[in-house]
Amino acid sequence: MGLSFRDNMAPSTPLLTVRGSEGLYMVNGPPHFTESTVFPRESGKNCKVCTFSKDGTLFAWDNGEKLNIISVTNKGLLHSFDLPKAVCLEFSPKNTILATWQPYTTSKDGTAGTPNLQLYDVKTGTCLKSFIQKKMQNWCPSWSEDETLCARNVNNEVHFFENNNFNTIANKLHLQKVNDFVLSPGPQPHKVAVYVPGSKGAPSFVRLYQYPNFGGPNAALANKSFFKADKVTMLWNKKATAVLVIASTDVDKTGASYYGEQTLHYIATNGESAVVQLPKNGPIYDVVWNSSSTEFCVVYGFMPAKATIFNLKCDPVFDFGTGPRNAAYYSPHGHILVLAGFGNLRGQMEVWDVKNYKLISKPVACDSTYFAWCPDGEHILTATCAPRLRVNNGYKIWHYTGSLLHKYNVPSNGELWQVSWQPFLDGAFPAKTITYQAVPSEVPSEVPKVATAYRPPALRNKPVTNSKLHEEEPPQNMKPQPGNDKPLSKTALKNQRKHEAKKAAKQKLKAIEQLKEQAATGKQLEKNQLEKIQKETALLQELEDLELGI
């Protein structure tokens, strides 16, 4: 009989939940990695969804027949509901309510379907309220951390409920058409960020309000409008003093990127706002706040991408240089930052001590589609999951010093769909002093094969010039150093522009090559894509001129 994961002393390492073709089960965290007795394995392939409560004491899952809730602390079944088709589950912050969502269906005669979003009282098991929620996107109502507020977007306005009373709409926020909103974290007073997309030549805007002051022309705490935005992502910092807004267009009209075009805006609750100036062109891959709420990290620019830490004045504080990365993850305590290249990159990670800006380790997690810090701030989970990748599915547990402590590979005919840490509330694990010495491990770390640099086909038969295909930039401290505020010389400025031009030309040639490959497979290209292919000769000439220094 295994020990319960929680006793009167400090918590042990969180559990891991594993869901895939081998069923649903839990694994004890480091140093054991044995299957946990907290949860008896649910075999079969019908479990579509599972989730922990925010504090990790409750666990809910749907096995295709029933939706079940257990107490993780005493291993007891709390409730079982006849909800075979639930595909989304979420607990409210204080474990009062379990929200469930199943796909919306209409009757064959065309009449409206039945409500598909349910809110269950976790104590009694009764259904408090049902709503019709057609889209899976943003399906779940948003609660404030104290649960005094709950909000949902209904027909382009935000409806607010107070103290989990869902029979009365306590307040409405109605602008032209509220497309999205985000409640602030932390204690009262509660704030809300709302996004209204532009129409008929008018700009899009994001506004910050303090609940319930929505009326009148001066009610907003802050307002930021911008033109280039088909959609936005709004990120509050932990102290609810500012919001970062990533504004994206679906199409980059300059033709420079297939990611569309992104801009990053900063909006503070004191009314200040700014555009975050990113010194390299290209997509914004990731933006993350440090838990301190005083700085944020942005990963951006055509590959190799830059990563920079900015302060609340949106000034760069530290530049990590360039590298193969598209994601950033602060540790729960905010003192370690992982920069990583996942998805279509090779899984290289850089683990940084962000108090001293020192590199701790550079592990490689090939083919990773998922990354998560353990709540203890010491361990890292990487995984390769289906349907993103259907081969080499499995997960790995690392120590931040780069040591691989445990790995599990799913059998070759099986799939891993989800793996996640059991959450804990902030403060459950004390921050420890950073160590640079790799912790001992019995698991050998794989050394990946080194890939050769990309060369456009038109240059492949030509001799390789001394200049690198990508100009690599080293990390550098951006804090003003005494006597280092001299402007660049004319020669340095000219060289910098030349480097940027070469990078842009190579990036566009790579994009053209991808378009030609798509055309060769019979894909119908858009007019602007065909026009881009026609620019290949001119770009090759430009690149050759730049290589020769003309």
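Residues numbered from 1 in each chain as written. Predicted model: local features only at pLDDT ≥ 70, side-chain atom pairs only at ≥ 80, totals over all residues. Heavy atoms only, no water.

**Details of the sheet that holds strand E34 (residues 404-409)**
Move 1: Within the open sheet, the four strands sit side by side as E31-E32-E33-E34. Their pairing is antiparallel. With one partner strand each, in any of the chains shown, strand E31 (370-373) and E34 form the two edges of the open sheet. Put simply, the sheet's adjacent strands are angled 15 degrees from each other on average, direction ignored.
Move 2: As judged from the five bridges shared by strand E33 (residues 394-399) and E34, these two strands associate in the antiparallel manner. Looking at E34, one finds that Tyr395 is bridged to Tyr408. (Pairing = 2+ DSSP bridges. Helix = DSSP H or I, 4+ residues; strand = E, 2+ residues; numbered from the N terminus. Axes fitted to C-alpha atoms, helices over the stretch in contact; angles between N-to-C directions.)

**As for the sheet that holds strand E7 (residues 88-91)**
Move 1: One open sheet accounts for four strands, arranged E7-E8-E9-E10; its pairing is antiparallel. At either end of the open sheet lies a strand with only one pairing partner, and these are E7 and strand E10 (127-131). Mean inter-strand twist for the sheet, computed between neighbouring axes without regard to direction, equals 15 degrees.
Move 2: Where E7 and strand E8 (residues 97-101) come together, four bridges link them in antiparallel fashion. Bridging across to E8, Glu90 finds its partner in Ala99.

**Brief notes about the packing of aromatic side chains**
Move 1: Throughout the structure, instances matching the rule amount to 23 aromatic pairs.
Move 2: Measuring from centroid to centroid gives 4.3 Å for Phe81 and Tyr120, while their planes differ by 25 degrees, and the two rings are stacked. Of the two residues, Phe81 is situated in strand E6 (residues 77-81) and Tyr120 in strand E9 (residues 117-121); the sequence distance between them amounts to 39 residues.
Move 3: Classification of Phe81 as buried rests on a relative accessible area of 9%.
Move 4: Take Tyr120: its relative accessible area is 10%, and that puts it in the buried class.
Move 5: Of the aromatic side chains, those joined through ring pairs into one cluster are Phe39, Phe52, Phe59 and Trp61.
Move 6: When the ring centre of Tyr436 is taken as origin, the NZ or CZ atom of Lys358, which lies over that ring, is 4.5 Å away. (Phe/Tyr/Trp six-rings, centres within 6.5 Å; stacked < 30°, edge-to-face > 60°. Buried < 20%, exposed > 50% of the residue type's maximum accessible area, 1.4 Å probe, protein only. Lys NZ or Arg CZ within 6 Å of the ring centre and 35° of its normal.)

**A closer look at unusual backbone geometry**
Move 1: Along the chain, Tyr211 connects to Pro212 via a cis peptide bond; the corresponding omega equals 0 degrees.
Move 2: Structurally, Pro212 can be placed in the loop between strand E17 (204-210) and strand E18 (222-226).
Move 3: Between Met303 and the following residue, Pro304, the backbone shows a cis peptide bond with an omega angle of -5 degrees.
Move 4: Positioned with a positive phi, Asn155 is a non-glycine residue whose angle comes to about 50 degrees.
Move 5: Residue placement: Asn155 occurs in the loop between strand E12 (149-154) and strand E13 (157-162).
Move 6: Residue class for Asn155 comes out exposed when judged on its relative accessible area of 70%.
Move 7: Unusually for a residue other than glycine, Tyr357 sits at a positive phi of about 50 degrees.
Move 8: Looking at the secondary structure, you find Tyr357 in the loop between strand E29 (349-353) and strand E30 (358-361).
Move 9: Tyr357 gets classed as buried once you look at its relative accessible area, which sits at 14%.

**Points about the confidence of the model for the protein**
Move 1: Per-residue confidence for the protein gives a mean pLDDT of 85, with 88% of residues at or over 70.
Move 2: Low pLDDT (under 50) marks residues 1-10, which in the prediction has 17 contacts with non-local residues, meaning those over four places away or in another chain.
Move 3: In this model residues 481-485 is a low-confidence stretch, pLDDT under 50, and it forms zero contacts with partners more than four residues away in sequence or in other chains. (pLDDT = per-residue confidence, 0-100. Contact = heavy atoms within 4.5 Å.)

**Quick notes on the side chain of Thr100**
Move 1: Structurally, Thr100 is set in strand E8.
Move 2: Using a relative accessible area of 1% as the deciding quantity, one classes Thr100 as buried.
Move 3: In this structure, Thr100 is in contact with Leu67, Leu83, Cys88, Leu89, Asn116, Leu117, Gln118, Tyr120 and Trp139, ignoring residues within four places of it in sequence.

**Examining the pattern of salt bridges**
Move 1: Taken as a whole, this structure holds nine salt bridges when the rule is applied.
Move 2: Of the charged contacts in the structure, one is a salt bridge between Lys54 and Glu90, with a shortest N-O distance of 3.8 Å. Of this pair, Lys54 sits in the loop between strand E3 (49-52) and strand E4 (58-62) while Glu90 sits in strand E7, and the two are 36 residues apart along the sequence.
Move 3: Note on Lys54: relative accessible area 37%, which makes it partly exposed.
Move 4: Here Asp319 ties to Lys306 by a salt bridge, and the two come within 3.0 Å at their closest N and O atoms. Placement of Asp319 in strand E26 (residues 316-323) and of Lys306 in strand E25 (residues 305-311) is noted, with a sequence separation of 13 residues between them. (Salt bridge = Lys/Arg side-chain N within 4 Å of Asp/Glu carboxyl O.)

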